[in-house]
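A look at the structure
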Amino acid sequence: MLTSALFLCLVVILPISSANDSNIAGGQDAVKGQYPWLVSIEATNFVESWPLCAGILITDEWVLTAAHCLDSEKPEWLWVVTGEHDRKVEEGTEQRLTVSSFVKHPDYTYWQTPYQNDVGLIHLSTRAVLDSYTSLAPIPDEGVDDVSGMCEVAGWGSTYDGGVGATILQWAPVPLLDPRICEEAYGSAPDPNALCAGEILGGVGTCAGDNGGGLLCWSEKTGGHIVGGVMSWREGCALPGKPACYMNVAKYRDWIMSIINP
């Protein structure tokens, strides 16, 4: 069982805004340090890098992400950037950490969509230094699986369908939906390990490059926000009637623990 220290979160969560404040997929600029647990997973030749996905720092040496982000990759081809805000500016808060290994859930199904068991873990070669801009995600502890209401998503993905990735970290509020809405939208069987979130009318939500990032929602049991979901699948970019599917972190807690604390 993870100790409470692993889930210490130094972030001060800003109030969740009305969806009307956002009119594109990426939403609006985040305040620097707003999501210090969110990391950029990048492919690199060790001279330059380019973003692949987002991830969630759950300990100072482990990152939770979507398994499909690791398809066709090797650890030596990746690095993880913590403390990132503006990708075009070296702000002094970034930590670029190499990857020693990664593992995908043994029941991950890459041959069908929406994906099932789409979770993976990245082990860092060097431990991240925790500070105001790099801290651990408040993910569900044992028995906490009650996320609800309006949630938040963030990432450096495209801000519109077919667009390039955002320079400055973007965030947007999205409502948590009945899972049946995603099942009907994608003609999929019920998945007890998935969450459904997004604006039914479209225009706000995750886009290409945001996969693997966290869905931050309210938990009555903890009396605060927790990262309850891992961004897994969506069709298009915040399209009407096409909300996003997230892997429910609480459902994978035992597997996560078996990897990081064998």
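Keep in mind that this is a model prediction, so the values were computed, not measured. (Residues numbered from 1 in each chain as written. Predicted model: local features only at pLDDT ≥ 70, side-chain atom pairs only at ≥ 80, totals over all residues. Heavy atoms only, no water.)

**Considering the overall build of the protein**
Summing up its helical and strand segments, the protein has two helices and 13 strands in all. A compact globule built from 262 residues would reach a C-alpha radius of gyration of about 18 Å, and the protein, at 16 Å, matches this within 12%. The dimensions of the protein, computed from C-alpha atoms along their principal axes, are 45 × 40 × 40 Å. The 262 residues of the protein split such that 55% are buried. Within the protein, residue pairs in contact and separated by at least 24 positions form 70% of the contacts whose partners lie at least 6 positions apart. Surface exposure of the protein reaches about 11,000 Å², of which carbon and sulfur atoms provide 54%. Seen as two clouds, the 13 positive and the 32 negative side-chain charges of the protein have centres 3 Å apart. (Helix = DSSP H or I, 4+ residues; strand = E, 2+ residues; numbered from the N terminus. Rg over C-alpha atoms; globule rule 2.2 N^0.38 Å. Buried < 20%, exposed > 50% of the residue type's maximum accessible area, 1.4 Å probe, protein only. Contact = heavy atoms within 4.5 Å. Areas by Shrake-Rupley, 256 points an atom, 1.4 Å probe, with all protein chains shown as cover. Lys, Arg positive; Asp, Glu negative; His and termini not counted. Charge placed at Lys NZ, Arg CZ, Asp CG, Glu CD.)

**Overview of the layout of surface pockets**
In this structure, the largest pocket spans a volume of roughly 190 Å³. Surrounding the largest pocket, 16 residues form its lining, Pro114, Ser188, Ala189, Asp191 and Ala194 being those nearest its centre. When contributions to the lining of the largest pocket are tallied by element, the ones reaching two or more residues are helix H1 (179-186), strand E10 (194-197) and strand E13 (244-248). (1 Å grid on protein atoms, 1.4 Å probe; cavity = no way out; pocket = protein on both sides within 12 Å on 5 of 7 lines; lining within 4 Å. Points joined across faces, edges and corners; volume = space filled by probe spheres on them.)

**A few points about the sheet that holds strand E3 (residues 49-57)**
Pairing is antiparallel in the closed barrel, where six strands are placed in the order E2-E3-E4-E7-E6-E5. Averaged over all neighbouring strand pairs, the angle between strand axes comes to 45°, with direction disregarded. For strand E2 (residues 38-44) and E3, the ladder comprises seven bridges, and the chain directions are antiparallel. Counted as the bridge partner of alanine 43 is tryptophan 50 from E3. Strand contacts of helix H2 (residues 253-260): strand E4 (62-65), strand E6 (95-104) and strand E7 (120-124), with the helix running at about 25° to E7, the strand carrying the most contacts. (Pairing = 2+ DSSP bridges. Axes fitted to C-alpha atoms, helices over the stretch in contact; angles between N-to-C directions.)

**Concerning unusual backbone geometry**
A cis geometry characterises the amide bond from threonine 113 onward to proline 114, with omega recorded as -10°. Topologically, proline 114 is positioned in the loop between E6 and E7. At serine 72, a residue that is not glycine, the phi angle is positive and equals roughly 65°. Within the secondary structure layout, serine 72 lies in the loop between E4 and strand E5 (78-82).

**Looking at the state of the cysteines**
Counted according to the given criterion, the structure contains four disulfides. Linked covalently through their sulfurs, cysteine 53 and cysteine 69 form a disulfide whose S-S length is 2.1 Å. Taking the sign of the S-S torsion, -90° for the link of cysteine 53 and cysteine 69, the bridge is left-handed. Of this pair, cysteine 53 sits in strand E3 while cysteine 69 is found in the loop between E4 and E5, placing the two residues 16 residues apart along the sequence. (Disulfide = S-S within 2.5 Å.)

**Regarding the environment of tyrosine 252**
You can see tyrosine 252 is positioned in the loop between E13 and H2. Residues tyrosine 252 and histidine 105, spaced 147 residues apart in sequence, show a C-alpha to C-alpha distance of 9.1 Å. Look past the residues within four positions of tyrosine 252 in its chain and what remains in contact with it is His105, Asn117, Val119, Asn193 and Met247.

**With respect to the packing of aromatic side chains**
Inspection of the entire model under this criterion finds seven aromatic pairs. Taken together, a centroid distance of 5.9 Å and an interplanar angle of 85° make the contact between tyrosine 115 and tryptophan 233 edge-to-face. Taken together, the positions of tyrosine 115 in the loop between E6 and E7 and tryptophan 233 in strand E12 (residues 224-233) put the pair 118 residues apart, joining distant regions of the chain. In this structure tyrosine 115 comes out as buried when scored by relative accessible area, which is 16%. An aromatic cluster is built from Tyr108, Tyr110, Trp111, Tyr115, Tyr186 and Trp233, whose rings are joined through pairwise contacts. Geometry around tyrosine 133 places lysine 32 over its ring, the cationic atom sitting 4.8 Å from the centre. (Phe/Tyr/Trp six-rings, centres within 6.5 Å; stacked < 30°, edge-to-face > 60°. Lys NZ or Arg CZ within 6 Å of the ring centre and 35° of its normal.)

**Some remarks on the pattern of salt bridges**
Between side chains of opposite charge, a pair can form when the charged atoms approach closely. Scanning all chains against the criterion turns up ten salt bridges. Across the salt bridge formed by arginine 180 and aspartate 178, the nearest N and O atoms sit 2.8 Å from each other. Given the relative accessible area of 54%, arginine 180 is considered exposed. Residue glutamate 235 is joined to lysine 242 by a salt bridge in which the shortest nitrogen-to-oxygen separation is 3.7 Å. One continuous salt-bridge network, built from bridges that share partners, spans Asp60, Glu61 and Arg127. (Salt bridge = Lys/Arg side-chain N within 4 Å of Asp/Glu carboxyl O.)

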